[in-house]
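A look at the structure
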Number of protein chains: 2
Amino acid sequence: MGKLFSINNYNEIKEIFHDKGLKCTPQRQAVLKVLQESKGYLSISKIHRNVKELLPGTGLATVYRSLETLIELNLVVKVHLEDGCHSYAVAPKGHRHPIVCTDCNRVIDYTECPMEDLSKKLTKDTGILIQNHFLQLFGTCKQCQT
Amino acid sequence: MGKLFSINNYNEIKEIFHDKGLKCTPQRQAVLKVLQESKGYLSISKIHRNVKELLPGTGLATVYRSLETLIELNLVVKVHLEDGCHSYAVAPKGHRHPIVCTDCNRVIDYTECPMEDLSKKLTKDTGILIQNHFLQLFGTCKQCQT
DNA sequence: GCCCTAATTGAGAAACTTTCTCAATTGTAT
DNA sequence: ATACAATTGAGAAAGTTTCTCAATTAGGGC
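Counting of residues starts from 1 at the beginning of each chain's written sequence and follows it residue by residue. Whichever chain is written first is A, and whichever ligand is written first is 1; the rest continue in order. Given that the model is predicted, a residue must reach a pLDDT of at least 70 before its local features are reported, and side-chain atom pairs must reach 80 or more before they are shown or counted; all residues, however, enter totals for whole chains, interfaces and linings. Side-chain calculation: all heavy atoms of the structure are included, whereas hydrogens and water are not.

1. Regarding the overall build of chain A
For the record, the criterion: For the purposes of this entry, the term helix denotes a DSSP run of H or I that reaches at least four residues, the term strand denotes a run of E that reaches at least two, and both are numbered from the N terminus. Contacts between residues were defined by any pair of non-hydrogen atoms, one from each residue, lying within 4.5 Å. Areas reported as accessible are Shrake-Rupley estimates using a 1.4 Å probe. Residue values count occlusion only from the protein chains shown.
Scanning chain A for helices and strands turns up five helices and five strands. Listed by position from the N terminus, the elements making up chain A come as α-α-α-α-β-β-β-β-α-β. In chain A, the proportion of contacts linking residues at least 24 apart, taken out of those at least 6 apart, comes to 50%. Only carbon and sulfur atoms are counted for the fraction: they give 47% of the accessible area of chain A, which is about 8,200 Å².

This is the structure:
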């Protein structure tokens, strides 16, 4: 079917799929596009709703499968919200941490990572080899501080 | 029914419940005890299994309800594991961050918080008022590094 | 452009997780 | 000891995620 939507860098994305022997299907493109166009995190049901606007017949199972694939390809990240629910967002390029505005649900990426220094210090102090970390900040953005 | 288990500081806990007009039931005590005696995080089903050893007839719904109550009382925290599943642990006293060993699932609390300085800096830089943060570290503990 | 093949999809069933309902029970204050 | 409101157990209900399988489709080779 080829290129269905005007995703920013379609050829790059196609290549990422093909490098792993995966097909660049319209459903996967649609899921990615929905996330790229969203300002914040989206729940599965919102993703499904938006994907169906682009591609009416898309099933829920396909959304789950596409997200799984996109996560494997590091194009998407799964995030945990405060209430324990899951949502999804496009993976930030490089190492970043998201700041979620608890009022408007907008997301601002933060590039400075306090863990780089801390990880080394921690390994020295405790002997634990830090392999990964998960940091998420919650706050109120400028617009919502009225 | 009164005191069923020798929880460290039974009277303190009883008072925490009563202060909020809640009953100190054996089911709630059992859920708390199971978490206090665990080295790491526990999933709902593991909590249920362990609680039933102390209190055979306990229903799953009660475990959910007890956890909800214990979280409200700040005695327990809900945590997010890497795969997106939920688990529960006793709330660390004071401000701490858990380090999860990905091999043995043990948890080591870390008291130093890099966020205190960072939050202020961040508010100054971006204007976002940081209200809360979620930090979790994953690594390999000493015993598992063989 | 047209096959061929393996990957992918849609639809619904199935499995699993969490919440709800309600009669019966049980802490706690009096 | 009694009364009352909070809590519980059991199963139903609701919600979420995964599975199954026949039908479809993307992509490579001709």
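Having seen the structure, we can now continue with the description.
2. Here's the deal with the interface of chain B and chain A
Worth spelling out the cut-off: We define buried area as the total accessible area lost by two parts upon association, computed with a 1.4 Å probe and summed across both. We define a polar contact as two N or O atoms separated by no more than 3.5 Å, with the added condition that, inside protein, one atom must be a possible hydrogen donor and the other a possible acceptor, whereas residues neighbouring each other in sequence contribute only through side-chain atom pairs.
The partner chain A presents 35 residues to the 35 residues of chain B that form the contact. Together, the buried faces of chain B and chain A total about 3,000 Å²; carbon and sulfur atoms form 61% of this surface. Our count for the contact surface shared by chain B and chain A stands at four residue pairs in polar contact (both at pLDDT 80 or more). Sorting the residues of the side of chain B that touches chain A by element identifies β1 (76-80), β4 (107-110), α5 (115-126) and β5 (129-140) of chain B as the ones contributing at least two each.

3. Some remarks on the relation of the copies chain B and chain A
Rules: Least-squares fitting of one copy onto the other uses the C-alpha atoms of those residues that reach a pLDDT of at least 70 in both copies.
When chain B is brought onto chain A, the operation consists of a screw motion whose angular component is 180 degrees and whose axial shift is 0.0 Å, with 0.1 Å RMSD remaining. Both chain copies can therefore be described as sitting about a two-fold axis. If distances are taken from each C-alpha of chain B to the rotation axis, the shortest is found for B:Leu135, at 2.2 Å. An overlap of 100% is found between the interface residues of chain B and their copies at the interface of chain A, pointing to a shared contact surface.

4. Some remarks on the environment of A:Cys85
Residue and element names in this part refer to chain A. We apply this condition: Throughout this description, buried means an accessible area under 20% of the type-specific maximum (1.4 Å probe, protein chains only), exposed means over 50%, and partly exposed covers the range between.
Checked against the element boundaries, cysteine 85 lands in the loop between β1 (76-80) and β2 (86-90). Taking the relative accessible area as the measure of exposure, cysteine 85 reaches 41% and is therefore partly exposed. In sequence terms cysteine 85 and serine 43 are 42 residues apart; their C-alpha atoms lie 8.3 Å from each other.

5. Details of the packing of helix α3 (residues 44-54) of chain A against helix α4 (residues 60-72) of chain A
Residue and element names in this part refer to chain A. The criterion, for reference: Interaxial angle, 0 to 180 degrees, is taken between N-to-C directions of lines fitted to C-alpha atoms, where a helix line uses only the stretch in contact. Here roughly perpendicular refers to angles of 65 to 115 degrees, roughly parallel to angles under 35, roughly antiparallel to angles over 145, and oblique to all remaining angles. Take the far helix as your reference; a near helix turned counterclockwise from it by less than a right angle gives a left-handed crossing, and one turned clockwise gives a right-handed crossing. Here the nonpolar group is Ala, Val, Leu, Ile, Met, Phe, Trp, Tyr, Cys and Pro; Asp, Glu, Lys and Arg are the charged ones; every other residue, Gly included, is treated as polar.
Two elements in contact, α3 and α4, have axes whose closest approach is 10 Å; the angle formed by their N-to-C orientations is 110 degrees. When the interaxial angle is binned, α3 and α4 end up roughly perpendicular. Crossing hand, α3 versus α4: right-handed. In this structure, α3 uses Ile44, Ile47 and His48 to contact α4, whose residues at the interface are Leu60, Val63, Tyr64 and Leu67. Split into classes, the residues belonging to the contact of α3 with α4 amount to six nonpolar, one polar and no charged.

6. Considerations on helix α2 (residues 26-37) of chain B
To be explicit about the condition: Each helix should span, by expectation, one fewer than its residue count multiplied by 1.5 Å.
Between its first and last C-alpha, α2(B) extends 16 Å over 12 residues, near the 16 Å set by a 1.5 Å rise per residue. Burial within α2(B) is extensive, with nine of its 12 residues counted as buried.

7. As for the sheet that holds strand β3 (residues 97-101) of chain A
What counts, and what does not: One requirement defines pairing of two strands: DSSP has to find at least two bridges between them.
Across the sheet, which stays open at both edges, the six strands sit in the order β4(A)-β3(A)-β5(A)-β5(B)-β3(B)-β4(B) with mixed pairing between neighbours. Of all strands in the sheet, those with a lone pairing partner are β4 (107-110) of chain A together with β4 of chain B, marking the two edges. Across the sheet, the mean angle separating the axes of adjacent strands is 25 degrees when strand polarity is ignored. Strands β5 (129-140) of chain A together with β3 (97-101), β4 and β5 of chain B of the sheet are contacted by helix α5 (residues 115-126) of chain A, whose axis makes an angle of about 140 degrees with β5(A). Packed onto the sheet, α5(B) meets β3, β4 and β5 of chain A together with β5 of chain B and runs at close to 140 degrees relative to β5(B).

8. Comments concerning the packing of α2(B) against helix α3 (residues 44-54) of chain B
All names here are of chain B. Between α2 and α3, the shortest axis-to-axis distance is 9 Å and the interhelical angle comes to 115 degrees. The hand of the α2/α3 crossing is right-handed. Taking contact as the criterion, the partners of Ala30, Val31, Val34 and Leu35 in α2 are, on α3, Ile47, Asn50, Val51 and Leu54. Grouping the constituent residues of the contact of α2 with α3 by class yields seven nonpolar, one polar and no charged.

9. Section: the confidence of the model for chain A
To keep things clear, this is the line we draw: Each residue carries a pLDDT score, the predictor's own confidence in it, on a scale running from 0 to 100.
The predicted model of chain A averages 84 in pLDDT, with 89% of residues at 70 or higher. Per-element confidence in chain A is highest for α4(A), whose mean pLDDT is 97, and lowest for β4(A), whose mean pLDDT is 74.

10. Considering the pattern of salt bridges
All names here are of chain A. The criterion, for reference: Counted as salt bridges are all cases of a side-chain nitrogen of Lys or Arg within 4 Å of a carboxyl oxygen of Asp or Glu.
As enumerated under the stated definition, the model contains two salt bridges over all chains in all. Note that lysine 33 is salt-bridged to glutamate 37, the shortest N-O span being 3.0 Å. With lysine 33 and glutamate 37 both in helix α2 (residues 26-37) and four residues apart, the pair spans about one turn of that helix. Classification of glutamate 37 as exposed rests on a relative accessible area of 59%.

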